[in-house]
Amino acid sequence: MLSAFLISLAVVALSEMGDKTQLLALLLAARFRKPLPILVAIFLATVVNHGVSAILGQWITTVLSPTVLLWIVSLGFIGMAIWMLIPDELDDEDDSINKWQKYGVFGATFVLFFLAEIGDKTQIATVALAARFDSVGWVTLGTTLGIMLVNAPAVFIGNKLAEKLPISLIHKIGALVFLVIGLAALAQHYLF
């Protein structure tokens with residue numbers, strides 16, 4: 001189960017670099033300037049979102065045959081590799097922040113981050129990882145800590161850190177990791 005945790009952490013941390021939710025964390029930090037409630041809200045929103053995603057990933061394993069599941073998960077990882085090469089952008093989030101600001105720093109951050117994670121690379125990766133590994137808890141813990149590993153510095157340091165990171169290189173490394181996982185799953189099944 002340690003491998004489920006470590007792979008989940010690494011895959012999601014790489015996926016989150018330059019992701020729209022990391023950009024949202026930067027924007028929320030700049031707007032509210034209260035890192036602790038922002039980080040707690042990001043953590044809780046991620047636990048809920050990724051917990052449900054991991055449960056969905058596990059459920060999928062009960063309704064699909066192992067061969068169909070292998071192909072879906074493998075092609076999903078390969079698709080995520082391609083998606084990693086497409087940079088994310090934030091839509092006009094100022095309007096969204098203004099809309100949810102009445103719920104305070106914690107409430108606005110929780111809602112906005114939860115909604116931004118729906119259909120995001122990291123959420124889809126969580127579903128695929130939970131389908132690949134047999135552990136909702138370890139996958140959820142790994143993906144949540146992967147999100148926090150990337151977003152905590154973003155919240156504390158802000159744009160200064162984001163401007164110095166080679167986001168394009170990080171995306172390429174993340175894409176390579178997704179590709180290797182997808183191809184390795186297929187190779188393991190068909191070659192060994």
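Residues numbered from 1 in each chain as written. Predicted model: local features only at pLDDT ≥ 70, side-chain atom pairs only at ≥ 80, totals over all residues. Heavy atoms only, no water.

Per an unreviewed UniProt entry, the protein goes by GDT1 family protein and derives from Acinetobacter lanii. Comment text from UniProt for the protein, heading Subcellular location (unreviewed entry), reads "Membrane". (UniProt positions renumbered as here; feature names shortened; annotations may be inferred.)

This part is about the layout of surface pockets. Rolled over the atoms, a probe sized like a water molecule indicates the empty space that remains. Quantified by volume, the largest pocket comes out at close to 220 Å³. Lining the largest pocket are 11 residues, and of these Pro66, Leu69, Leu70, Ala131 and Arg132 sit closest to its centre. When contributions to the lining of the largest pocket are tallied by element, the ones reaching two or more residues are helix 4 (66–84), helix 7 (121–132) and helix 10 (167–191). Top element by residues in the lining of the largest pocket is helix 4. It accounts for 4 residues. In terms of residue class, the lining of the largest pocket is built from 7 nonpolar, 3 polar and 1 charged. (1 Å grid on protein atoms, 1.4 Å probe; cavity = no way out; pocket = protein on both sides within 12 Å on 5 of 7 lines; lining within 4 Å. Points joined across faces, edges and corners; volume = space filled by probe spheres on them. Helix = DSSP H or I, 4+ residues; strand = E, 2+ residues; numbered from the N terminus. Nonpolar A, V, L, I, M, F, W, Y, C, P; charged D, E, K, R; others polar.)

A few words now on the side chain of Gln22. Tracing the backbone through its elements, the reader meets Gln22 in helix 2 (residues 20–32). The residues touching Gln22, leaving out its near neighbours within four places in the chain, are Glu16, Met17, Val150, Asn151 and Ala154. (Contact = heavy atoms within 4.5 Å.)

Looking now at the nonpolar core. Counting 19 residues, the largest nonpolar core has Leu24, Leu28, Phe32, Ile38, Ile42, Phe113 and Val155 as the members making the most contacts within it. Where this core is concerned, the elements lending two or more residues are helix 2, helix 3 (35–63), helix 6 (104–117) and helix 8 (136–157). Among the nonpolar cores identified, the runner-up in size contains 15 residues, and Ala54, Ala130, Ala131 and Ile181 belong to it. (Core = buried A, V, L, I, M, F, W, Y, C linked by side-chain atoms within 4.5 Å. Buried < 20%, exposed > 50% of the residue type's maximum accessible area, 1.4 Å probe, protein only.)

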